[in-house]
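Geometric and topological summary
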Amino acid sequence: MDPVDRVALIAAALPLLIVGMGGNYEQPDAVHFVALIAGGAGIAGAIARKGWAGPVVLLAVLALAVYMRLLAGDNRASDVMLTTNEALGVLASGNNPYAHLYAMTNPPGGPLGYPPGELAFYGLAHVLGANVFRVDMLAGILGLGLIASLAPLVGDGLAALAIGTLAVAVDIIFHSTDGSNDTAASFLVLIGIVSLAWSLASRGRIAQMLWWTSAVAFGWVVAFKEYALPIAIFVALFLWRADARRARGWIAVAAATLALFVLPFLAWDPVAFVSNVGGALLVHQNIWGRNLWHDDLGYLPVAASAIAPEIPVITLFVFALASVAFWRRPAPSLGAAFLQGCALVALIFVLARWTTSVYYVFLAPLALAGVALTLGAERAASPATPPPR
């Protein structure tokens, strides 16, 4: 067991100890007790370089993360899923969801700002008879499983650290059941990056299947959340620099998937589609949320008001500079390229005029998976480091 994996395992086990020390001491509580024992055993095993420590901690934090999400109630604090559910009803009746006045937006009468990939995702769940208000909770759990599946590639410790961080992240758990859609969008990105990582590490038909699955997933998520585009672009750029001939097919499939979702609705009513999807970007004119302008200039309201009209221009300018800087600095690994895209998305959130916490809920699992992939690749490239089990 190499030092990176040992440190990551010990760090991943700490949430188990913290959770294990809590709970109801008046009643039998097997969940908290098992978490406490698993955390202690995992740390002891990592210090003693025992091979069983990795699987113990990884499975324990995964079980804890699933358990915490299953406890979360259906709170419907967001209007996103209420609006999506209304849009699915409009579409099922044969009408254009982008030419409809919505009663369920907050305030009522708002646009349907979600691209067709979002409708397709929840529409599929609706057809399968699933409760669309619980889809994101399930997507969050499946996303954790995808990160865990990276363990053979990056090591148990790095995978467990990513999952352990997410296991006890209260905001991430809450927003997986509040009627927002960012957890599901993050899940699609995880499908894309995990499939791609495994395709590059595999051979034969399985590798090909995973390769094309990743292309479809990245195309779909851009048709779901526009701000996922920088991630898809920098992943595609990495593939192009590694093997341009092979990357052409991947990029073509991703673009075709995006077009398959968007073009029918664009052709149906171009004005309605552009005004709804594009107009949603302009709905929030006020400065609010976890961003530079609200959290720093909020102490200087006069300065914040003066700079407010220039915020979109400033954001685009800084985004362009960062994009060029990353473009000129080739990523050494898939994980690093993925993190470059995530960094650009984070830059948009930090510099946006209005930033809700669910934006960061979208980004957190991706950043943790990207860190695991990046550090795993660095460790694999070191001749003195044994490969993960």
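In this report, we go over the structure that sits alongside the text. (Residues numbered from 1 in each chain as written. Predicted model: local features only at pLDDT ≥ 70, side-chain atom pairs only at ≥ 80, totals over all residues. Heavy atoms only, no water.)

Thoughts on the overall build of the chain
A tally of helices and strands in the chain yields 19 helices and two strands. Relative to the 2.2 N^0.38 estimate, which gives 21 Å for 389 residues, the radius of gyration of the chain is 22 Å and therefore close to what a compact globule would have. Projected onto the principal axes, the alpha-carbon positions of the chain cover approximately 65 × 60 × 50 Å. Out of the 389 residues belonging to the chain, those deemed buried represent 48%. Considering only contacts within the chain whose residues lie at least 6 apart along the sequence, 75% involve residues at least 24 apart. Accessible surface computed for the chain: about 18000 Å², of which carbon and sulfur atoms make up 71%. (Helix = DSSP H or I, 4+ residues; strand = E, 2+ residues; numbered from the N terminus. Rg over C-alpha atoms; globule rule 2.2 N^0.38 Å. Buried < 20%, exposed > 50% of the residue type's maximum accessible area, 1.4 Å probe, protein only. Contact = heavy atoms within 4.5 Å. Areas by Shrake-Rupley, 256 points an atom, 1.4 Å probe, with all protein chains shown as cover.)

Quick word on the packing of aromatic side chains
Scanning all chains against the criterion turns up 19 aromatic pairs. Centre to centre, the rings of F121 and F224 are 5.8 Å apart; their planes meet at 70 degrees, and the pair counts as edge-to-face. Of the two residues, F121 is situated in helix α5 (residues 116–127) and F224 in the loop between α11 (204–222) and α12 (229–242); the sequence distance between them amounts to 103 residues. Just as F121 is buried, F224 falls in that class too. (Phe/Tyr/Trp six-rings, centres within 6.5 Å; stacked < 30°, edge-to-face > 60°.)

Structural notes on empty space enclosed by the protein
Applying the stated criterion across every chain yields a total of one cavity of 30 Å³ or more. What lines the largest cavity is a set of 15 residues, and nearest its centre among them are A139, G140, I172, T183 and P365. Among the elements of the structure, α6 (135–148), α10 (182–201) and α19 (357–381) are those that each provide at least two residues to the lining of the largest cavity. Of all the elements, α6 adds the most residues to the lining of the largest cavity, at five residues. (1 Å grid on protein atoms, 1.4 Å probe; cavity = no way out; pocket = protein on both sides within 12 Å on 5 of 7 lines; lining within 4 Å. Points joined across faces, edges and corners; volume = space filled by probe spheres on them.)

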